[in-house]
Amino acid sequence: MTNWNEIDHNAKKWVQEAGELIRQSFATTLSIETKSNPNDLVTNIDKETEQFLMGKIKEVYPEHKILGEEGSGHDITSVEGIIWIIDPIDGTMNFIHQKRNFAISVGIYKDGVGQIGLIYDVVHNELYHAVKGQGAFMNDVQLPKLKETRIEEAIISISPSWVTENRRIDYRILAPLIKRIRGTRCFGSTALECAFVASGRISSYITMRLSAWDYAAGLVLLEEVGAVATTVYGEPLNLLENSSFFAGERNVHQQILDEYINK
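The sections below set out a description of the structure shown in this document. (Residues numbered from 1 in each chain as written. Predicted model: local features only at pLDDT ≥ 70, side-chain atom pairs only at ≥ 80, totals over all residues. Heavy atoms only, no water.)

## A few points about helix H5 (residues 190-198)
Alright, step 1. Across the nine residues that make up H5, a large majority, nine, are buried.
Alright, step 2. What H5 keeps buried is the set Thr190, Ala191, Leu192, Glu193, Cys194, Ala195, Phe196, Val197 and Ala198.
Alright, step 3. Positive phi appears at Gly200, one or two residues downstream of H5, with a value of about 80°. (Buried < 20%, exposed > 50% of the residue type's maximum accessible area, 1.4 Å probe, protein only. Helix = DSSP H or I, 4+ residues; strand = E, 2+ residues; numbered from the N terminus.)

## Brief notes about the state of the cysteines
Alright, step 1. Going through the model one piece at a time under the given rule, you end up with zero disulfides.
Alright, step 2. Cys186 takes part in no disulfide bond, and the closest cysteine sulfur, belonging to Cys194, lies 13 Å away. (Disulfide = S-S within 2.5 Å.)

## A closer look at the packing of H5 against helix H6 (residues 212-224)
Alright, step 1. In the contact formed by H5 and H6, the axes pass within 8 Å of each other and the chain directions differ by 10°. In terms of orientation, H5 lies roughly parallel with respect to H6. Along the contact surface, H5 presents Thr190, Ala191, Cys194, Val197 and Ala198, while H6 presents Asp214, Tyr215, Gly218, Leu221 and Leu222.
Alright, step 2. A breakdown of the residues in the contact of H5 with H6 according to their chemical character gives seven nonpolar, two polar and one charged. (Axes fitted to C-alpha atoms, helices over the stretch in contact; angles between N-to-C directions. Parallel < 35°, antiparallel > 145°, perpendicular 65-115°, else oblique. Contact = heavy atoms within 4.5 Å. Nonpolar A, V, L, I, M, F, W, Y, C, P; charged D, E, K, R; others polar.)

## A closer look at the packing of aromatic side chains
Alright, step 1. Evaluated as defined, the whole model comprises nine aromatic pairs.
Alright, step 2. Geometrically, the ring pair formed by Phe26 and Phe102 is edge-to-face, given 6.4 Å between the ring centres and 85° between the ring planes. Of this pair, Phe26 sits in the loop between helix H1 (4-25) and strand S1 (32-34) while Phe102 sits in the loop between helix H3 (92-97) and strand S5 (103-110), and the two are 76 residues apart along the sequence.
Alright, step 3. Using a relative accessible area of 29% as the deciding quantity, one classes Phe26 as partly exposed.
Alright, step 4. Here the aromatic residues Trp14, Tyr61 and Trp84 are joined through ring pairs into a cluster of three or more. (Phe/Tyr/Trp six-rings, centres within 6.5 Å; stacked < 30°, edge-to-face > 60°.)

Functional significance is not addressed by these values, which are geometric in nature.
This is the structure we're talking about:
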């Protein structure tokens, strides 16, 4: 029998220790590299944080699999078993330029089902966490179930890229929505944006291309507060594939699908 509360306790401890190492790094000089394009950045701190977390996991849970953004861990071709899905610094560009608006993201899954989600806003010392079936929390405060929101009162996190001409979606689909809602935001960290939906700080989050490590932890939080997360077209998410991502309060999510995307 898997002791999820023990795993949750250890994961929280390791994530907070990793956060302290990141805070200590603020006084050092970063080594910055690019990945797929000049705006896809990775630093030595991303890599060192991932290695720190991997070392802890392998020491205590050698039978668990690990999927890390920076290439560490296992070559995951199946969701069977227990998998730790790690983004050591989600929002690397923010980390480099702002020293804020980034998070450590850890989702722990068994046979494709999210069991534990941890999103740690390092700078603000806010740990969003959830164990499946036990509610979602920010530090020691339980997050309430989301209240139904009218679309005219919604605040949606979306990059301006998706409402101007781009390669992934017809900007004319979402531009009218932006005129209707209360306001938009763009934080540059999927993990934080999922946490902000779960905590009611924003009503929805829409983006066009993510990997599992971007949203794995967030999915667990979102489920615990009654939010919905799918692809932008309302399809189920697949942890093994890159896809668009659309999370939100249930009513706002359905209205946007019905009245703008799938009409």
